[in-house]
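Each chain, written out:
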Amino acid sequence: MVLLIFLVVLAIVGLSASARIVRQYERGLVFRLGRLREATRGPGLCMIVPAVDRMQRVSLQIVTLPVPAQDGITRDNVTVTVDAVVYFRVVDPVRAVVNVQDYMFAVLQVAQTSLRSIIGKSDLDELLTNRERLNQGLEVMIDSPAIEWGVHIDRVEIKDVSLPESMKRSMSRQAEAERERRARIITADGELQASRKLADAAAAMGQTPTALQLRLLETVVEVAAEKNSTVVLPFPVELLRFLDHQAQAPAAEPPGTELSVTRSHVQAA
């Protein structure tokens, strides 16, 4: 009876020592006396030989690896600090464990060196405005050695580009000067178009003098409508000549007319 209990306990201890649980997002690699077994253990309950086999689990999830900020000098001699983030996953657990000692540390080092290389090959304007192309270049540079490690680089993103304060002030002055230049060009273009329209209007009014007088009267009406004011209006010469002609007309009548009228009044009296 005691022997039976001892055997049962020994069996339970052996099962607990040999049983391994592999999660859904993991794969298990079994090393028997240091030699890798060909079969990769899938998710679920797996049994190994105690004291002979050793299991190493490898996660197949996408890993988010932040790349520390790297200082560098761009191609146009500007000192910048750039940081990035790498998204990768293991596609071959065997190569990820056998071919490289620590694949996460290896990917991090390759990402840092690639980021420094990209900084040195790019201009400041490319780092600030053309990040999509730089991200693709970084992905290719990191993915080339990572393939041998059984790792696939999903994407690489440049997070931030830090500039010195002096460079920020210079860029601010440059942007302000550019906006002022555009404003002056727009103003000058507007004045040019307005001058052309005024020239066309003057040519049309020159052919019709009445239009110029009507425009003058409209201007007077617009000025008088705003507030009470005194308007000094130049009088047309044609109107002055007309009034002068009307004033000279009574003086041209025969002198005997007034005398005959006076005599008739006298005789009536």
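Nothing here was measured: the structure is a model prediction, and the numbers come from that model. (Residues numbered from 1 in each chain as written. Predicted model: local features only at pLDDT ≥ 70, side-chain atom pairs only at ≥ 80, totals over all residues. Heavy atoms only, no water.)

### Looking at the sheet that holds strand S7 (residues 79-90)
- A sheet is described by the order of its strands in space; here three strands give the open sequence S6-S7-S8, paired in antiparallel fashion. Of all strands in the sheet, those bounded by a partner on one side alone are strand S6 (63-73) and strand S8 (151-162). Adjacent strand axes in the sheet meet at a mean angle of 25° when their direction is disregarded.
- Here S6 pairs with S7 via nine bridges, running antiparallel. Bridging from a neighbouring strand, Val 67 pairs with Ala 84 of S7.
- The strands touched by helix H3 (residues 103-121) are S6, S7 and S8; relative to S6, the strand with the most contacts, the crossing angle is about 35°.
- Sitting on the sheet, helix H5 (residues 131-146) touches S7 and S8, and the angle it makes with S8 is about 140°. (Pairing = 2+ DSSP bridges. Helix = DSSP H or I, 4+ residues; strand = E, 2+ residues; numbered from the N terminus. Axes fitted to C-alpha atoms, helices over the stretch in contact; angles between N-to-C directions. Contact = heavy atoms within 4.5 Å.)

### Re the sheet that holds strand S5 (residues 53-59)
- Sheet architecture is open: three strands sit in the order S3-S2-S5, paired in antiparallel fashion. The two strands at the open ends of the sheet, each matched to only one other strand, are strand S3 (35-36) and S5.
- Direction of pairing for strand S2 (residues 26-32) relative to S3: antiparallel, over a ladder of two bridges. Counted as the bridge partner of Arg 32 is Arg 35 from S3.

### With respect to the confidence of the model for the protein chain
- Summing up the model confidence of the protein chain, the mean pLDDT is 79 and the portion of residues at 70 or higher is 78%.
- Across residues 255-269, confidence stays below pLDDT 50; counting only partners more than four residues off in sequence or on other chains, it has zero contacts. (pLDDT = per-residue confidence, 0-100.)

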